[in-house]
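# Descriptive structure summary
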Amino acid sequence: NLVTPTATVRSDIRISDGRIVEIGNCLSDNETFDAEGLYVCPGLVDIHTHGGFGGDFMDSNEEAIGRVLDFHSKYGTTSLLATTVTAPVDRIEKMIKTVRKYRDDGKDRSCRILGIHLEGPYLSQSEKYLKIPSRDSFDFILRNKDIIKTVTLSPELEGACEMTRQLRKSGIVVCGGHDDGERRKILPVIEAGLSHCTHLWCAMSTVAIRDGIRDIGLFELGLLDDRLTVELIADGHHITPEMVKLVYKCKGADKICLVSDSLRAGGMPQDGRIYTLGDERDETAQRFVVSDGVAKLPDHSRFAGSIQPISQMV
């Protein structure tokens, strides 16, 4: 069963030197693999992932990056965006430098790094290292526009409109998330070029009463505004099947992207041990545990992220 852009068809595939060279019926060769009842699809692309197999991109070393890519390639992901966490800018820049060097070393790998997704530090829900666009420079992003492909920011932050315009001019996709915004503050940023919602429903503003008036947030705008595409962490924990159906009815397949948001615990033992979100050497970094197939804060008060690859979500 071959999954193509337009349909799923039954056919044979001929592979030579690791590449598909022919698709047709009744093909034969010296070696045959019977894939009856199975599915063949293009390699998956993960635009939001932090780690796997014990590694996190924020560890900023080649061994950790290799472990992350091994985890994702094992489960069918063939390209991804290495994703940061909110941290001091110098640590983020170290990660950027290490990922760029790894990406550009000329080696052929089963999972490629397409670039970087900057998730922080312009996030209002991450107060510890929070940067405000109108107050704090984002020049380090513009300097690294060759490798930074997407940036998540909270649209209610002062200066978000101007930051969005400058990032878009540099070819960077601007995403909204980890916010506490409301419609009147979010809409101008969408007009300025914000076009994507980071893990819809998770760490995102929604309907609330503010100053005595009920109003919508980024989640509802993500569903309703046709200018916005959305991510889903479809691991059966962050959102339920019914929530997925609701988003699908509003957005359709072409404006939904599944993302793993996988942490370093992906593919690792789930025996209650403590893991680190971000740089493993950072004593101040957020810790989490794996419980019932999902990463949670040590007090189990909320989710810390996914531990699943995209193929499991599919």
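Preceding block: the structure.
Residues numbered from 1 in each chain as written. Predicted model: local features only at pLDDT ≥ 70, side-chain atom pairs only at ≥ 80, totals over all residues. Heavy atoms only, no water.

Take the packing of helix 1 (residues 62-74) against helix 2 (residues 89-103) next. Viewed as axis vectors pointing N to C, helix 1 and helix 2 meet at an angle of 65 degrees, and their least axial separation amounts to 10 Å. Judged by the inter-axis angle, helix 1 sits roughly perpendicular to helix 2. When the axes of helix 1 and helix 2 are compared, the crossing they make is right-handed. Taken together, the residues of helix 2 that come into contact with helix 1 (itself represented by E62, I65, G66 and L69) are T98, V99, K101 and Y102. Considering only residue class, the contact of helix 1 with helix 2 consists of four nonpolar, two polar and two charged. (Axes fitted to C-alpha atoms, helices over the stretch in contact; angles between N-to-C directions. Helix = DSSP H or I, 4+ residues; strand = E, 2+ residues; numbered from the N terminus. Parallel < 35°, antiparallel > 145°, perpendicular 65-115°, else oblique. Left-handed = near helix turned anticlockwise from the far one by under 90°. Contact = heavy atoms within 4.5 Å. Nonpolar A, V, L, I, M, F, W, Y, C, P; charged D, E, K, R; others polar.)

A separate point is the side chain of Q308. In this structure, Q308 sits in the loop between strand 20 (303-305) and helix 8 (310-313). Relative accessible area serves as the criterion here: at 9%, Q308 is assigned to the buried category. Contacts of Q308, omitting those with residues within four sequence positions, involve F71, D235, H237, S260, S262, G293 and M313. (Buried < 20%, exposed > 50% of the residue type's maximum accessible area, 1.4 Å probe, protein only.)

What follows concerns the sheet that holds strand 17 (residues 274-276). Sheet strands line up and pair through hydrogen bonds in the backbone, either parallel or antiparallel. Pairing is antiparallel in the open sheet, where four strands are placed in the order 17-18-19-20. In this open sheet, the two edge strands, each paired with only one partner strand, are strand 17 and strand 20. Going across the sheet, the axis of each strand differs from the next one's by a mean of 50 degrees, ignoring polarity. Note: strand 18 (residues 287-291) against strand 19 (residues 294-296), three bridges, orientation antiparallel. Bridge assignment links S291 to a residue of strand 19, and that residue is V294. (Pairing = 2+ DSSP bridges.)

What follows concerns the nonpolar core. Among the nonpolar cores identified, the biggest contains 61 residues, and F57, V99, I141, I148, L200 and F288 are the most heavily contacted of them. The element contributing the most residues to this core is helix 2, with six residues. Excluding anything up to four places from it in sequence, F288 contacts L263, R264, A265, R273, I274, Y275, T276, L277, A295, K296, P298 and A304. (Core = buried A, V, L, I, M, F, W, Y, C linked by side-chain atoms within 4.5 Å.)

What follows deals with the packing of helix 4 (residues 160-169) against helix 5 (residues 183-192). In the contact formed by helix 4 and helix 5, the axes pass within 8 Å of each other and the chain directions differ by 20 degrees. Judged on the interaxial angle alone, helix 5 and helix 4 are roughly parallel. In this structure, the crossing between helix 4 and helix 5 has a hand that is right-handed. Together, A160, C161, T164, R165 and R168 of helix 4 and P188, V189 and A192 of helix 5 make up the contact between the two elements. Classifying every residue of the contact of helix 4 with helix 5 by side-chain character gives five nonpolar, one polar and two charged.

Along the chain, H72 falls in helix 1. Judged by its relative accessible area of 0%, H72 falls in the buried class. Reaching out from H72, the side chain makes a polar contact with the side chain of T49 at a distance of 2.9 Å. Aside from chain neighbours lying at most four places away, what touches H72 is D46, T49, G51, T77, L80, C111, S260 and S262. (Polar contact = N/O pair within 3.5 Å; in protein donor to acceptor, adjacent residues only side chain to side chain.)

A few words on the environment of L187. Assignment of secondary structure puts L187 in helix 5. On a C-alpha basis, the gap between L187 and L228 in space is 11 Å, while along the polypeptide they are 41 residues apart. Not counting chain neighbours up to four residues away, the residues in contact with L187 comprise L221 and R227.

Judged by how many residues are buried, strand 18 sits mostly within the fold: four of five residues are covered. Two strands pair when backbone bridges link them, and strand 17 and strand 18 are joined in this way by three bridges, in the antiparallel orientation. Pairing of Y275 across the sheet is with F288, part of strand 18. The turn linking strand 18 back onto strand 19 is made up of two residues, and D292 within it adopts a positive phi angle of 55 degrees.

This part is about the sheet that holds strand 9 (residues 112-119). With respect to topology, eight strands assemble into an open sheet ordered 5-8-9-10-11-12-15-16, the strand pairing being parallel. A strand with exactly one partner marks an edge of an open sheet, and here the two such strands are strand 5 (44-49) and strand 16 (256-258). For strand 5 and strand 8 (residues 77-83), the ladder comprises four bridges, and the chain directions are parallel. The residue bridging D46 from the neighbouring strand is L80, located in strand 8. Running at roughly 170 degrees to strand 9, helix 2 makes contact with strand 8, strand 9 and strand 10 (148-153) of the sheet. Lying over the sheet, helix 7 (residues 241-251) contacts strand 15 (229-232) and strand 16, oriented at roughly 165 degrees with respect to strand 15.

Before going further, it helps to examine the pattern of salt bridges. Per the counting criterion, the structure on display carries 20 salt bridges. In this structure, the salt-bridge partner of E63 is R67, at a minimum N-O distance of 3.1 Å. Taken together, the residues E63 and R67, both in helix 1 and four residues apart, mark about one turn of the helix. Measuring nitrogen to oxygen at the nearest pair gives 3.1 Å for the salt bridge that ties R273 to D271. On the basis of relative accessible area, D271 is assigned to the exposed category, the value being 52%. When salt bridges that share partners are traced, they join R14, E22 and D29 into one network. (Salt bridge = Lys/Arg side-chain N within 4 Å of Asp/Glu carboxyl O.)

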